[in-house]
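Listed here are the chains, written in short residue letters.
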Amino acid sequence: MVRVSRHLIAGLLALALWPQQAMAQAYQCRIPQGPITLPIAQRDGPVRQTRVTGYTLALTWSPEFCRFRQDSARHARMCSGREGRFAFTVHGLWPEGAGGQWPQWCPARRQPSPQAAAGAMCMMPDAALIAHEWARHGSCMTSDPDTYLRVTGILWRSLRWPDFDRLSRHRGLTAGDVRQVFADANPHWEAEDVGLVLSNHGWLTEMRLCYGADFMPTACDARRFGPPDDTRVSIWRGL
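In this report, we go over the structure that sits alongside the text. (Residues numbered from 1 in each chain as written. Predicted model: local features only at pLDDT ≥ 70, side-chain atom pairs only at ≥ 80, totals over all residues. Heavy atoms only, no water.)

### Digging into the packing of aromatic side chains
Ring pairs (aromatic) are described by centroid distance and by the angle formed between their planes. Summed over all chains, the structure comprises 12 aromatic pairs. Ring geometry for Tyr-55 versus Phe-215: centroids 4.1 Å apart, planes at 10 degrees, classification stacked. Of this pair, Tyr-55 sits in strand E2 (residues 54-61) while Phe-215 sits in the loop between strand E6 (204-212) and helix H9 (222-225), and the two are 160 residues apart along the sequence. The burial state of Tyr-55 is the same as that of Phe-215; both residues are buried. Here the aromatic rings of Trp-134 and Tyr-148 are separated by 6.2 Å at their centres, their planes lie at 50 degrees, and the arrangement is tilted. Here Trp-134 is found in helix H5 (residues 127-136), whereas its partner Tyr-148 is found in helix H6 (residues 145-157), with 14 residues between them in sequence. Each member of the pair, Trp-134 as well as Tyr-148, carries the same accessibility label: buried. The aromatic ring of Trp-102 is capped on one face by Arg-48, whose charged end is 4.9 Å from the ring centroid. (Phe/Tyr/Trp six-rings, centres within 6.5 Å; stacked < 30°, edge-to-face > 60°. Helix = DSSP H or I, 4+ residues; strand = E, 2+ residues; numbered from the N terminus. Buried < 20%, exposed > 50% of the residue type's maximum accessible area, 1.4 Å probe, protein only. Lys NZ or Arg CZ within 6 Å of the ring centre and 35° of its normal.)

Here you go:
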């Protein structure tokens, strides 16, 4: 298992200084003023402590996720519109391992602090999701849950976002088009570093950004890359 070092965090902080438009992904989002109470995440798989060889930043396309969840109490913050409107949000930052085996559910003594959890609610607008992603994935990166959220936020804020509303109107849109448009907007990224997840009907549901152990973009393996470049893609705009 590889722990996130202070030296590596210092390098990541440089990423946060790049010009970016990340906050445009959360329109009029309100950071909660009171303390955030995180539930206890229930383990849903085996404990697996293996060497970390890279990372995946998994991003949910919120309009598609919320398409049939606008009235869901469970997802009210993300989908009701009362706490803001969201485009891409963070599903999680996942450590990867060799041979398709990733570390998960490492021993953890603490949860993220209420302050750190509240500060993350515009990139990850779900308290239960924050608790789960820390317990399952973040615990295998660092012993400090607030550091996990901090690193996730640094990566998130380093991204530049093309206009996905305009992209969704492109006739004959393919997975390769989506990858290339994102790569063109982001220095150091190539289309092969961008994985996609589509629904059974071809709607974009998630983006999987692939990083090496040094947190620099790297080519995705087949498991994370997803559909071939010539696959047709539809993007729900939430209108």
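### Observations concerning the pairing of E6
Counting buried positions over the 9 residues of E6 gives 8, a clear majority of the element. Relative to E6, E2 runs antiparallel, the two sharing 7 bridges. Paired with Leu-57 across the two strands is Leu-209, which belongs to E6. As paired elements, strand E5 (residues 194-198) and E6 share 5 bridges and run antiparallel to each other. Residue Leu-196 lies in a different strand from E6, and its bridge partner there is Met-207. Hairpin geometry of E5 and E6 is characterised by an intervening segment of 5 residues between the two adjacent antiparallel strands and by a positive phi of about 85 degrees at Gly-202. (Pairing = 2+ DSSP bridges.)

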